[in-house]
Amino acid sequence: MSYYCTHITDAMAVEWHELVAKSAAAGFHQTFAWAKFKQWENWDSYKIGLFDYDTGRLRGGCIAYSFSCKENTNFIYIPEAPILDYENGDQLFWQWRSLETALHSIVEISAKMRTTHIRMEPRIAKIPSWMLLGWKKSPLNLQPRHTRVIDLEISMEKLLIAMKQKCRYNIRLAEKRKVRVYQAS
């Protein structure tokens, strides 16, 4: 099977978000909403889709964020990605080669800027060693390995019931000690 990469358009947003939701390597940092939020913080985003050459189906990819620094430099950050078939070694190799080429093309696009580094943080236990050839492993990750999504529209009682006993205890202790939480403007 062969692959190619191209821009993920807004018309493909639903398909992309379904892929993100199914992938153990991805999280909310790989959503269009997060990319829009990062624009407000002066980050550019590149939505790269990995497509099956024969069927044209979206198989993986990533949203890469670029931040411009001083002296015409930038760096590229890919949190909770790339989304690839990590379970299938043969396909993973070809998917990675295609995506790696696309990432290097981003560096070439911003030729007026010097890209200092590309940082990736897929949420998987172990990256195959061959994927790191030509890359240097960072000593630490910026994103937590495990996260939890909480429905904030349920009642406070249901939210507390879903928590562990120690967590409920700490919340009540904070209330007793008059800890106040407020929304900063």
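Lay out the pattern of salt bridges with the relevant residues and their values.
A full pass over the atoms with the stated rule returns five salt bridges. We note a salt bridge from E100 to R97, for which the minimum N-O separation is 2.5 Å. Residue E100 and its partner R97 are located together in helix α3 (residues 89-109), separated by three residues, close to a single helical turn. Judged by its relative accessible area of 12%, E100 falls in the buried class. Between E121 and R119 there is a salt bridge, with its nearest N and O atoms 2.9 Å apart. A single burial state applies to E121 and to R119, both of which are buried.

Summarise the pairing of strand β3 (residues 58-68); cite the residues concerned and give the values.
Across the 11 residues that make up β3, a large majority, eight, are buried. In terms of strand pairing, strand β2 (residues 43-52) meets β3 through nine bridges, oriented antiparallel. Residue pairing across strands places K47 opposite I63, the latter belonging to β3. As defined by bridge partners, β3 adjoins strand β4 (residues 73-79) across four bridges and the pair is classed as antiparallel.

Describe unusual backbone geometry, naming the residues involved and giving the relevant values.
Residue P82 is bonded to the preceding A81 through a cis peptide linkage, with omega at 15°. Looking at the secondary structure, you find P82 in the loop between β4 and α3. Its identity is not glycine, yet N72 carries a phi of approximately 55°, on the positive side. Within the element layout of this structure, N72 appears in the loop between β3 and β4. Residue K178 is not a glycine yet carries a positive backbone phi of 65°. As for its position among the elements, K178 is in the segment after α5 (165-176). Taking the relative accessible area as the measure of exposure, K178 reaches 60% and is therefore exposed.

Go over the environment of L92 with me, naming the residues and quoting the values.
One can find L92 in helix α3. Along the sequence, L92 and L19 sit 73 residues apart, while their C-alpha atoms lie 16 Å from each other. The contact partners of L92, leaving out residues within four places of it in the chain, are L84, D85, Y86, P128, W130 and M131.

Requested: an account of the packing of aromatic side chains, with residues and values cited.
Evaluation of the coordinates by the stated rule reveals 11 aromatic pairs. Ring geometry for F28 against W34: centres 5.0 Å apart, planes inclined by 85°, an arrangement best described as edge-to-face. Ring geometry for W34 versus F37: centroids 4.8 Å apart, planes at 40°, classification tilted. Linking W34 with F37, this pair stays in helix α2 (residues 32-40), spanning three residues, or about one helical turn.

Which residues make up the sheet that holds β3, and what values go with them?
Spatial ordering of the open sheet is given by β1-β2-β3-β4-β5, a layout of five strands whose pairing is mixed. Of all the strands in the sheet, the pair left with one neighbour each is β1 (3-7) and β5 (114-121). Mean inter-strand twist for the sheet, computed between neighbouring axes without regard to direction, equals 25°.

Could you give an account of the pairing of β4, with specific residues and numbers?
Judged by how many residues are buried, β4 sits mostly within the fold: seven of seven residues are covered. With burial as the criterion, each face of β4 is covered, one bearing T73, F75, Y77 and P79 and the other bearing N74, I76 and I78. Turn length for the β3-β4 hairpin, with the two strands adjacent in sequence and antiparallel, is four residues, and the turn residue E71 shows positive phi of about 55°. With seven bridges connecting them, β4 and β5 associate as parallel partners. Each bridged residue has a counterpart across the sheet, and for P79 the counterpart in β5 is E121.

Calculation rules
Residues numbered from 1 in each chain as written. Predicted model: local features only at pLDDT ≥ 70, side-chain atom pairs only at ≥ 80, totals over all residues. Heavy atoms only, no water. Salt bridge = Lys/Arg side-chain N within 4 Å of Asp/Glu carboxyl O. Helix = DSSP H or I, 4+ residues; strand = E, 2+ residues; numbered from the N terminus. Buried < 20%, exposed > 50% of the residue type's maximum accessible area, 1.4 Å probe, protein only. Pairing = 2+ DSSP bridges. Contact = heavy atoms within 4.5 Å. Phe/Tyr/Trp six-rings, centres within 6.5 Å; stacked < 30°, edge-to-face > 60°. Axes fitted to C-alpha atoms, helices over the stretch in contact; angles between N-to-C directions.

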